[in-house]
Every structure is written in structure tokens, then in C-alpha cells.
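# Notes for the structure review
One letter stands for each residue in the lines below.
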Amino acid sequence: MIVMKYGGTSVQDDVAILRSIEAISRQRDLQPVIVLSAMAGATNGLLKIGDLAHQGDAEGAKAVSAKLRDHHIAVARRLLTGERLSKAEVFVNDCFCHISNIIQGLFLLGECSPRTKDAIASFGERMSSFIFAETLKERGFPGALVDSREVVKTDKNFTQAVVNQDVSFPLIRERLNPLLAAGQIPVMQGFIGSTADGVTTTIGRGGSDFSASLVGAALGVEDIQIWTDVPGILTADPRIVPKVFKIKAISFAEASELAYFGAKVLHPSTLLPAVERNIPVHVCNSMAIDQEGTFISAERIPSSTPIKSIACKKGITIVNIYSTRMLLAHGFLSRIFEAFEKYRTVVDVVSTSEVNVSLTIDSTGKLDAILAELKAFADVEVETDAAVICVVGDNLRSTPGIAGKIFGAIDNVNVRMISQGASRINVTFLVRGARMEEVVRRLHDEFFASPDPELFEPC
Ligand code: ADP
Ligand code: ASP
Ligand code: MG
């Protein structure tokens, strides 16, 4: 068994869907389970509809909705005929009927709860998967649509729901195993799930990768394939660095750091279920299905190039905390982290000195409340608009002088916090947001002038 996950651009129109189905047909014998995102732009469009409606712009919301509907119908018409086309049209029109009712409600209410946001956003995956499953059948493959909300059970933390694996894994097996045994190709939605009482939830933006990995772990598949619009995991974000390289193989630990610190190609949680069950993950190019992508596994891959890749993320807030009491007072650190824990705010990078703790967060929704707690026992200073840069590579632990090379390459840049984790496979530091792109490009030039051809391929 394998899981094949297709992202938004891989199902964005008829051409992309047919290419994705071609890749499935080539692995038909491996019992694929398909996990899909919404068509590119659909989730953003749906969330925009919610925003416009509750801000009082019902006409604007209807216009975005009409455009999305037309696109889905047009794609269905290019892929399907007869009964299947009618079914798809009815399904899409039904979805937009619901959406129109929601618009009405939001307009009257003047607010959009996280629960309603999830209800709206879920239509993206529901429509793409319906059209995809019908297209499989149209092409003679036994596609079987599965509603992920029946098997992926989450808590009630709408828009960021946490999947209950103990409940979901048996449900996924019960639902999918019989379909696979009967030779069918299950088609599921990524990103969505439901609460114990059946209310639709989503598991966070970009979450379809994580859905795929959860399904793969539940079934104990041999391979989890993440099909996307780039050749694999690259040496940097291709939107920032023009001449990047594809990495042929990378370890779970390295890829997890990259995903966590901004490499959008993988949702940060994707690898956790795969690591737990030691299932390899492939990142594959749905635009060129013959190419080999990036292979991610537990194995450490030797290379003569000291680093593998550079990740980065903007919009980071640095919180500097100075102890006002005794230096190194017992309990100082735990009180700091309790404040973040209480407001469920994730801390990403931490660095400490004898009198000060600096840490970074990327969600500031609860910052004021956290600051109020911290100020009871510390002086606090906040810096906004920072960017985190994460240089990743197994060789960092064994090659002396890399830190010198990193900071030498950007010697006129004001570097804020610096941190290296215990695994010593990454060096992470903060710079002003406005300088992020330049820093990434300079580091890339420094380390990838002529990378090891055994491991890196020009794109
Ligand atoms: P999908 O819709 O398939 O999930 P995403 O847009 O979420 O695709 O992720 C793929 C995008 O991630 C690429 O188009 C690329 O611009 C971006 N990206 C950022 N960093 C990297 C990286 N290190 N390697 C590959 N892609 C990256
Ligand atoms: N469609 C969702 C999003 O755009 C989930 C995903 O694509 O992974 O965030
Ligand atoms: Mg994605």
C-alpha cells in the first residue's frame, strides 16, 4: 500500500488532474490511497468569501463564490461526461448553495466564528475530491470517494484541530482496508476532519500533507508520496533563490527542521507519523511525473557539501525577558514557559544568557495576555518583524568551522538570537525581516556554488 497526496496545483485544473491520474495509474499495483487538497486558490477564495460576508460585503462574497463555482464546473465539464458530469454538477451546485446560505448568515451576524470558517473551507477539498474520484471512474479506474470527516476525528479547536489518532486510526483501517481489498482506489480529502459529534473541522493551513501522513501511518503503508509543484525538497525556497538544487535524499530529522522553519513544501507535522512508524516519504513533482523526487527516510546520507538546505520564515516576534529578581532564580524558566503554555502559544527558538531569555513566537494572538503574566516577575521587551533563518545539514555536527562560514558570509548583517539544538543538525538565527531574502541568497551562494553531484541536482 502507498499513499499519494496531491496538493492544490496538482489538482488545479483538468490538465493537472489527468497528469496526477497518470501517475496513479503507473503505481496501480501498489494499492494507492489518494489524499487531495482543494484546487489551487480554492481555500483562500473560500476563506475570503467568509471575510467579505461578515464584513458586510455580501456582493463581493457572492462574486468570489461565483468565480470559484464556475471554475469547478468548468473543470468538471472538461473531464466528465453524461451521468458522471451531471452528478458532479449537482454536487458542486449543492456546495455553493450551502456557501450562499452561509454568506447570508454571516452578513446578518457580522461575524465569522472559527467553526464557520472550517465549514466554508472544507468545501474546497470536498469538491476537488468529488471531481477527482469521478474522473478516475471516467477513465476506467475504480475510484471510491471516502469522506475524511467520517474517519479523521479531531478535537474542537476549529481551524487548528488536533487529530485524535487513537480514535481515527482504527476508523481509517475499518473504512479503507475493505475498499483496498476489493481493488478500489480510495480518494479522500486532506485538511478536514470532524469532532466526535460530527462537526466539520480543519487541521491548519497546508494540513493535507499531515492528513496523508496520518492515513499512511494508520494503514502502515510502504511509502507516503507528497506530489507537488516543484522537483522535490530544494536547497532553498525557489521563490527567493533563483538557482536552487533538488536534494535527492534527506533524513527525517533534517527534513523536519526545514519544514518547521518555513520550507512550505511540507507541513511542519507531516513527518511525525512517518517517523514513528519508519515509513519513507517521497516528495514528487506532479508537473514532471517521470522525474525522481526527494527521498526522506531515517537514513543519514553522507555528502561532501556541508549543509543540505536553508529554510526561512518571516513575521516572527522576539520576546526578550530579563529577570528582575535574583539571577538564575529557581523556577524562572518554568514560569516563563508556563505563561506561553497557558495561552497555547508555541515557542520556536530559545536562547539564554545568565540574565536574559530570548525566545521567538510566530503567532501573536495571545501576546498581550502572555506579556501581562511575564511582567509580574520580569522586564520584557518585544521586537516584531523578525525573520528566522535555519541552516540544516547532518554534516554540521562533524564539520568544524561551519558557523564561521555562515556568519562570515553575512558579516554586515545584524544577527539577533543564535541557537543550535542538541541534535546539532541545524544552526538557527534571527535577522530583521526586511533582510531575510538577501541573507538566504548570500548563504546559498556561499554553500551551493558547486554542491556534491551525488546528492544535489540542478533544477
Ligand atoms: P502543495 O499545494 O502541493 O501542498 P505548497 O505550495 O504547499 O504545495 O508547497 C510547495 C511550495 O513550497 C513550492 O512551490 C515552493 O515554492 C515552496 N518551497 C519553499 N521552500 C521550499 C523548499 N526548500 N523546497 C521545495 N519547495 C519549497
Ligand atoms: N487546502 C488547504 C490549504 O490551502 C490544505 C492544503 O492544501 O494542504 O491550506
Ligand atoms: Mg502544501
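Shown above is the structure to which this text applies.
Here's a quick rundown of the structure. Not measured: the values here are computed from a predicted model.

### A few points about the sheet that holds strand β14 (residues 356-361)
The strand order β13-β14-β12-β15-β17-β16 describes an open sheet built from six strands, whose pairing is antiparallel. Edge positions in the sheet fall to β13 (347-352) and β16 (418-420), since each has one partner strand and no second. In this sheet, adjacent strand axes meet at a mean angle of 30 degrees when their direction is disregarded. Bridge analysis of β16 against strand β17 (residues 426-432) gives three bridges, and the strand direction is antiparallel. Residue pairing across strands places Gln420 opposite Val427, the latter belonging to β17.

### A look at the site of ligand 1
In the region of ligand 1, 17 residues are neighbours, and Lys5, Thr228, Asp229, Leu234 and Lys264 sit closest. Between an oxygen atom of ligand 1 and a side-chain N or O atom of Arg239, the distance comes to 3.2 Å. Within the contact set of ligand 1, an oxygen atom lies 2.7 Å away from a side-chain nitrogen or oxygen of Lys264. Its free accessible area being 570 Å², ligand 1 has 88% of it covered by the protein chains. Of the residues that constitute the shell around ligand 1, the class distribution is eight nonpolar, four polar and five charged.

### Quick look at the site of ligand 2
Around ligand 2, the structure places Ser37, Ala38, Thr43, Glu125, Phe191, Arg205, Gly206, Gly207 and Ser208. For ligand 2, a nitrogen atom lies 2.8 Å from a polar atom in the side chain of Thr43. Contact distances for ligand 2 include 2.8 Å between an oxygen atom and a backbone N or O atom of Gly206. A breakdown of the residues in the shell around ligand 2 according to their chemical character gives two nonpolar, five polar and two charged.

### Points about the pairing of strand β1 (residues 2-6)
For β1, a buried count of five out of five residues is recorded, marking the element as mostly surrounded by other parts of the structure. Side chains Ile2, Met4 and Tyr6 of β1 all project onto a buried face; the interleaved residues Val3 and Lys5 project onto the opposite face, where all are buried too. Where β1 and strand β7 (residues 223-228) come together, five bridges link them in parallel fashion. Each residue of the ladder has a partner; that of Lys5, found in β7, is Ile226. For β1 and strand β2 (residues 32-36), the ladder comprises five bridges, and the chain directions are parallel. Bridge pairing links Val3 to Val33 in β2.

Rules behind the numbers
Residues numbered from 1 in each chain as written. Chains lettered and ligands numbered in written order. Predicted model: local features only at pLDDT ≥ 70, side-chain atom pairs only at ≥ 80, totals over all residues. Heavy atoms only, no water. Pairing = 2+ DSSP bridges. Helix = DSSP H or I, 4+ residues; strand = E, 2+ residues; numbered from the N terminus. Axes fitted to C-alpha atoms, helices over the stretch in contact; angles between N-to-C directions. Near = heavy atom within 4 Å. Polar contact = N/O pair within 3.5 Å; in protein donor to acceptor, adjacent residues only side chain to side chain. Areas by Shrake-Rupley, 256 points an atom, 1.4 Å probe, with all protein chains shown as cover. Nonpolar A, V, L, I, M, F, W, Y, C, P; charged D, E, K, R; others polar. Buried < 20%, exposed > 50% of the residue type's maximum accessible area, 1.4 Å probe, protein only.

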